[in-house]
Amino acid sequence: MELFQRTATELQKMLACSQVTSEQIVQAFINRIEAEDSQMRAYLTITAKEALGAAQASDLRRKQGQPLSKWDGVPIAVKDNMSTKNVRTTCGSKMLEEYIPPYDATVIGRIKNAGMPILGKTNMDEFAMGSSTENSAFAKTHNPVNLQKVPGGSSGGSAAAVAGFEAPWSLGSDTGGSIRQPASFCGVVGLKPTYGLVSRYGLVAYASSLDQIGPIGHRVQDVAALLQLIAGHDYKDSTSVTVSVPDYQASLVADVSGLRIGIAKEFFSEGLNNQVKSAVMRAVQNLSQAGAEVVDVSLPLTDYAIETYYLIATAEASANLARYDGVRYGLRVAGDDSVAMFKHTRAEGFGTEVKRRIMLGTYALSAGYYDAYYKKAQQVRTLIRREFEQAFTQVDVIITPTTPTTAFGFGEKKDPLEMYLSDIYTVTPNLAGVPGLSMPCGVDSNNLPIGVQMIATHFSEPVLLRTAFALEQIQRKGEFNE
Amino acid sequence: MSEYEVVIGLEIHAELLTKSKIFCGCTTEFGGEPNSHCCPICLGLPGALPVLNEKAVEYAIKAGLALNCQIPGYSKFDRKNYFYPDLPKAYQISQFDLPVCVQGRVDYELEEMQQSTGITRVHMEEEAGKSVHSGDNILGSDFSLMDYNRTGIPLIEIVTEPDLRSAAEAKAFLEQLKSILQYIKVSDCKMEEGSLRCDANVSLRLKGTKEFGTKVEIKNLNSFRAVERVLEYEIRRQRQVYEQGGSIVQETRTWDDSRMITVSMRSKEESHDYRYFPEPDLVPLEIDLNWVRSLKEGLPELPLAKKHRLMEQYDLSSMDADQLTTDQEMASYFERTVASYTNGKVVSNWLTGDFSRLLNTSGLEISKVKVTPQQLAELLRLIDEGIISGKQGKDVLTEMFCSGTAPEQIIKDKGFEQISDSKALEQISADIIAANPQIVQRYQDGEDRLLGFFVGQVMKETKGKANPGLVNALLREKLKATDS
């Protein structure tokens, strides 16, 4: 088995036993990237030199018996909307093509402090707006499972990098499904943590009240470990909460006896592909056979989730993206006066989807429309949160498909609304602020991965991880038996 | 001709005196190399997030309490969206519908009359940056440079009810407000440095009517003098429009200093839609009302209360008490002086007179004055004891002001000591009387005012050092004696 095929947890064990050096690991991934990425285009920026330097430093620390953490020397890829000091952070936008941040995002600081070399910055839909990574201003990322298919989005690069063995694990961000949907399309595990669990400081904002950084990995235990590294209060993010972070590894117990699993019919309605549906139901059945109790729950407000999401997210985005005016950093297109400069810069710097969402959000906040759109959406959001809280008095985990279909082809979703509907199952956890995890649960007839989504209540990542770990164990046993 | 009533409401921005900015740790110090007091947060770099400075909240609440406001326990921040090069995020973090302080009142006096103006709200927001144009103004410039040092300095915006009825009232209110904010040390209120700024809404209505007339917003009333002058102009302008049968357009106007008129900036139609919405990067502000209570208890005596107390306690005139209490530093100086020298009236006379004159001519702030209140008290005691005359005292004070030397030392060094030795003065008086027999005769014939001549001669002979009271008594006695 090649080094690059190993999971992060395996690599960590090999490093700990001195079976391999960090430099060897990083070199293996760089070779892999150099060989594959011209086709796959998971990365926007490859930081080979920095990664090798960090790996050598890590090896020295290990040699001296002073690793910075258990994960010292295990490399990682990060989505290009996390601020990296001295390494350009483009957000997949022409607007920030040349932007080099002078500071590290809190999560970047944490992985650096853990001694982890950063392999590069991964491709994404421009400003995280999209579900296929086709909205990147620079490249289309190809699904490593089938290069004719999109990897999903917006963290398409981060999911593809892991699935295509160009990184053992990665960080993505999820505003309405941007970790879970590409994880599902690429056949890897992705987790959107509870809102407030992971600091957003340095994450370039799309929709501030929904954005959350989370881990993507081959295995549930990788995702648990990476979450451990990035979770926890950060004074620099006022919305980050001060709860104590549990030991996520401790929740990796393949025991679901007594676990109450909720199934909501709203997540299995029309538009859901039959093969996806049966794969998800099979996963539920597996868990049920392992001792979980399956309960029907009702989440009728799910029907309003997409509309609510697209009003709130775009409203916040319209303000968050207003700062790209050509004055201080990023692209500047000259004009006769400052207003003309703003207009030209924004006209050239933003892509179509970003402009569409800015206009939508601006409209939703405008005088005379605010009450009907933004305010109403916030009210519905409150109801959706309550509905979830209510459901979680009856069940521990709600299981749904991650996406209505498996990965689609390039250019297949031409109508933006159709594209928005691929988020139909993933937006509600963001609106409710609860955690959601996607993991593979089979493949369709075209061998494309199918993802199952698990949702739990606020700060119940341990329950999600336990359920996912149990399912993973069942699946692996099955594979072994086959 | 119809009589019009003037209706004015003010919006005042005051920079708070916190050491660091409202949402980051950068210094709020005035000046500095352009863009040297900046960080990713106040520059609005992608990904940076605001963290609220608690001190700014404390200062805003203190201001609200001093303005008799109510402090709701729950408040939040909102984004006010507009594009301008000096606004790094293209939105200002401000407060829209749930400000930190509401429903207050400022009491003040105008020509001895008690006045009261309602305060609608006090809200917190962040300061914008500064444009530096290559030419004289934005239109005549090839380029503009931006300085974001000021960006993120905490501001409070104080909005009054439309209670003010004249330009003079507006000015008096504003002076009282400034005084209050300075007393509680939340803002230095320097209009010339821009740490206090004022906009006004002005309208006229026929006396007796209840509905407001169409209002005009006037921007940038940037000195106390300007407030009165600009408002007077605008009131005159609106009155003229009405008297000529015209109507006022709702618009924003600004003062053109060169032409001494207000000019239109933008009409109502062109006004911004700020698209306020709750700031998702900050959590709502839950204010501990016990904390508010302790802040309220910690407030110092405010200017108007102090004025009335000083008038009562030291029998001061309203004008003098005003002059002593407008500036908190002056009031404190007065109180520290009367702690060592109990005749408040005398202290007041000196402070409002010579001391203030010296302050004005030197351009010093009281805090920078070298004379300590104890030294001033000592000077007044020396005058009382007759060591020096009141007139000499003025010279000694001037010297104290320049050098900071103690009064006794100056008196010794400069030979200011008064001659109160009656033997010496008796001899000099006798000599002068002897040298001027004709004038002595005229005095004795009833020209009383000629006593002054003899006093003057003695003063001249002693280079002004003679104790005038003593000289007067001596001469009167001697001239009488000659008569007998």
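None of the values given here were measured: they were computed from a predicted structure. (Residues numbered from 1 in each chain as written. Chains lettered and ligands numbered in written order. Predicted model: local features only at pLDDT ≥ 70, side-chain atom pairs only at ≥ 80, totals over all residues. Heavy atoms only, no water.)

Participant: I tried to follow the overall build of chain B on my own but got confused; where do I start?
Facilitator: When its secondary structure is counted, chain B shows 15 helices and 15 strands. A compact globule built from 484 residues would reach a C-alpha radius of gyration of about 23 Å, whereas chain B, at 30 Å, exceeds it by more than 25%. Relative to its full complement of 484 residues, chain B shows a buried share of 51%. Residue pairs at least 24 apart in sequence account for 70% of intrachain contacts in chain B once pairs closer than 6 positions are excluded. (Helix = DSSP H or I, 4+ residues; strand = E, 2+ residues; numbered from the N terminus. Rg over C-alpha atoms; globule rule 2.2 N^0.38 Å. Buried < 20%, exposed > 50% of the residue type's maximum accessible area, 1.4 Å probe, protein only. Contact = heavy atoms within 4.5 Å.)

Participant: Got a minute to help me understand the packing of aromatic side chains in this structure?
Facilitator: Pairs of aromatic rings are described using the distance from one ring centre to the other and the angle between the two planes. Tallied over the full model, the rule gives 29 aromatic pairs over all chains. Between the aromatic rings of Phe-127 of chain A and Phe-350 of chain A, the centroid separation amounts to 5.9 Å while the plane-to-plane angle is 75°, which identifies the pairing as edge-to-face. Remark: Phe-350 of chain A occurs in the loop between α10 (338-349) and α11 (352-365) and Phe-127 of chain A occurs in the loop between β3 (118-122) and α5 (156-163); sequence separation between them is 223 residues. Of the two residues examined, Phe-127 of chain A and Phe-350 of chain A, each falls in the buried class. An aromatic cluster is present here, built from Tyr-99, Phe-127, Tyr-324, Tyr-329 and Phe-350 of chain A joined pairwise through their rings. The residue whose ring lies beneath Lys-413 of chain A is Phe-408 of chain A, and the NZ or CZ to ring-centre distance is 5.0 Å. Between the NZ or CZ atom of Lys-80 of chain B and the centre of the ring of Tyr-274 of chain B, over which it lies, the distance is 4.4 Å. (Phe/Tyr/Trp six-rings, centres within 6.5 Å; stacked < 30°, edge-to-face > 60°. Lys NZ or Arg CZ within 6 Å of the ring centre and 35° of its normal.)

Participant: Would you take a moment to explain the nonpolar core for this structure?
Facilitator: In summary, soluble globular proteins display a tendency toward joint burial of nonpolar side chains. In terms of nonpolar packing, the biggest core is built from 216 residues, with Phe-127, Trp-169, Leu-171, Ile-399 and Met-454 of chain A together with Leu-10 of chain B touching the most fellow members. Here this core takes ten residues from helix α9 (residues 305-320) of chain A, the largest share from any one element. Of all hydrophobic cores here, the second largest spans 32 residues; its members include Leu-324, Trp-350, Ile-388 and Ile-411 of chain B. (Core = buried A, V, L, I, M, F, W, Y, C linked by side-chain atoms within 4.5 Å.)

Participant: What is the right way to read the confidence of the model for chain B from this model?
Facilitator: The predicted coordinates ought not to be read in detail in places where the model reports low pLDDT. Scored by pLDDT, chain B has a mean of 89; 98% of the residues are at 70 or more. Two summary scores accompany this predicted model of the complex, namely pTM at 0.90 and ipTM at 0.95. (pLDDT = per-residue confidence, 0-100.)

Participant: Which parts of the structure should I look at to understand the environment of Ile-399 of chain A?
Facilitator: All names here are of chain A. Inspection of the secondary structure puts Ile-399 in strand β9 (residues 397-401). Residue classification places Ile-399 among the buried positions, given a relative accessible area of 0%. The spatial distance from the C-alpha of Ile-399 to the C-alpha of Ser-170 is 24 Å, given a sequence separation of 229 residues. Those residues within four positions of Ile-399 in sequence are excluded, and the remaining contacts are Ile-261, Gly-262, Ile-263, Phe-268, Val-280, Val-284, Leu-287, Val-452, Gln-453 and Met-454.

Participant: Explanation requested: the domain arrangement of chain A in the structure shown.
Facilitator: Where interface size is given, it is often the accessible area lost as the parts come together that is meant. Residues and elements named next belong to chain A. By the assigned domains, chain A splits into domain 1 (1-302 + 381-482) and domain 2 (307-372). Between domain 1 and domain 2, the C-alpha centre-to-centre distance is 28 Å. Tallying the contact residues gives 26 residues for domain 1 and 23 residues for domain 2. With both chains or domains summed, domain 1 and domain 2 bury close to 2,200 Å², and 65% of this area falls on carbon and sulfur atoms. Taken together, the connections running from domain 1 to domain 2 amount to one salt bridge. Measuring nitrogen to oxygen at the nearest pair gives 3.9 Å for the salt bridge that ties Glu-348 to Lys-94. Where domain 1 packs against domain 2, one counts 13 residue pairs in polar contact (both at pLDDT 80 or more). At the level of elements, α12 (371-391), α13 (416-420) and α14 (427-432) are the ones that each hand at least two residues to the side of domain 1 that touches domain 2. In terms of residue class, the side of domain 1 that touches domain 2 is made up of 15 nonpolar, seven polar and four charged. (Domains from an automatic or database assignment. Buried area = accessible area lost by both parts, 1.4 Å probe. Salt bridge = Lys/Arg side-chain N within 4 Å of Asp/Glu carboxyl O. Polar contact = N/O pair within 3.5 Å; in protein donor to acceptor, adjacent residues only side chain to side chain. Nonpolar A, V, L, I, M, F, W, Y, C, P; charged D, E, K, R; others polar.)

Participant: Help me out: how do you make sense of the packing of α9 of chain A against α11 of chain A in this one?
Facilitator: Describing two packed helices takes the angle between their axes plus the distance from one axis to the other. Residues and elements named next belong to chain A. Interaxial distance between α9 and α11 falls to 7 Å at its minimum, and their mutual angle equals 100°. Viewed along their axes, α9 and α11 adopt a mutual orientation that is roughly perpendicular. Seen from α9, the contacting residues are Tyr-310, Leu-311, Thr-314, Ala-315 and Ser-318; seen from α11, they are Arg-357, Ile-358, Leu-360, Gly-361, Thr-362, Ala-364 and Leu-365. When the residues that make up the contact of α9 with α11 are grouped by side-chain class, the tally is seven nonpolar, four polar and one charged. (Axes fitted to C-alpha atoms, helices over the stretch in contact; angles between N-to-C directions. Parallel < 35°, antiparallel > 145°, perpendicular 65-115°, else oblique.)

Participant: Explanation requested: the pattern of salt bridges in the structure shown.
Facilitator: Two side chains with opposite charge may pair up if their charged atoms get near one another. Considering all chains together, one arrives at 46 salt bridges over all chains under this definition. For Lys-265 of chain A, the salt bridge identified is with Glu-266 of chain A, shortest N-O distance 3.5 Å. Of the charged contacts, one joins Arg-253 of chain B and Glu-234 of chain B as a salt bridge, the two residues approaching to 3.7 Å between their closest N and O atoms. You can see Arg-253 of chain B sitting in strand β12 (residues 251-256) and its partner Glu-234 of chain B sitting in helix α3 (residues 224-243), a full 19 residues away along the chain. This pair shows no difference in class: Arg-253 of chain B is buried, exactly as Glu-234 of chain B is.

Participant: When you look at the interface of chain B and chain A in this model, what are you seeing that I'm missing?
Facilitator: Every contact between the two is made by 32 residues of chain B and, on the other side, 36 residues of chain A. Of the roughly 2,700 Å² buried at the junction of chain B and chain A (both faces included), carbon and sulfur atoms supply 61%. Remark: the boundary between chain B and chain A carries one salt bridge. Seen at the junction of chain B and chain A, the total is 14 residue pairs in polar contact (both at pLDDT 80 or more).

Participant: Looking at this structure, how should I read the state of the cysteines?
Facilitator: Each disulfide is one covalent bond, formed between the sulfur atoms of two cysteines. One pass over the structure, following the stated rule, counts zero disulfides over all chains. Distance from the sulfur of Cys-101 of chain B, which forms no disulfide, to the nearest cysteine sulfur (Cys-69 of chain B) is 5.3 Å. (Disulfide = S-S within 2.5 Å.)

Participant: How should the side chain of Thr-302 of chain A be read in this particular structure?
Facilitator: Residues and elements named next belong to chain A. Checked against the element boundaries, Thr-302 lands in the loop between β8 (293-297) and α9. A relative accessible area of 7% means that Thr-302 is categorised as buried. Other than its neighbours up to four places away in sequence, Thr-302 contacts Glu-266, Phe-267, Glu-387 and Thr-428.

Participant: Would you mind going over the domain arrangement of chain B with me for this structure?
Facilitator: Domain annotation for chain B reports domain 1 (4-294), domain 2 (301-414) and domain 3 (422-483). Computed from C-alpha atoms alone, the centre-to-centre distance between domain 2 of chain B and domain 3 of chain B is 34 Å.

Participant: Just to check I follow, could you spell out the sheet that holds strand β3 (residues 78-81) of chain B for this structure?
Facilitator: Hydrogen bonds between backbone atoms are what pair the strands of a sheet, whose relative direction is either parallel or antiparallel. All names here are of chain B. The sheet built from three strands is open, its strands ordered β4-β3-β14 with antiparallel pairing. Of all strands in the sheet, those bounded by a partner on one side alone are β4 (91-94) and β14 (277-278). Pairing geometry for β3 and β4, over four bridges, is antiparallel. The residue bridging Asn-81 from the neighbouring strand is Tyr-91, located in β4. (Pairing = 2+ DSSP bridges.)

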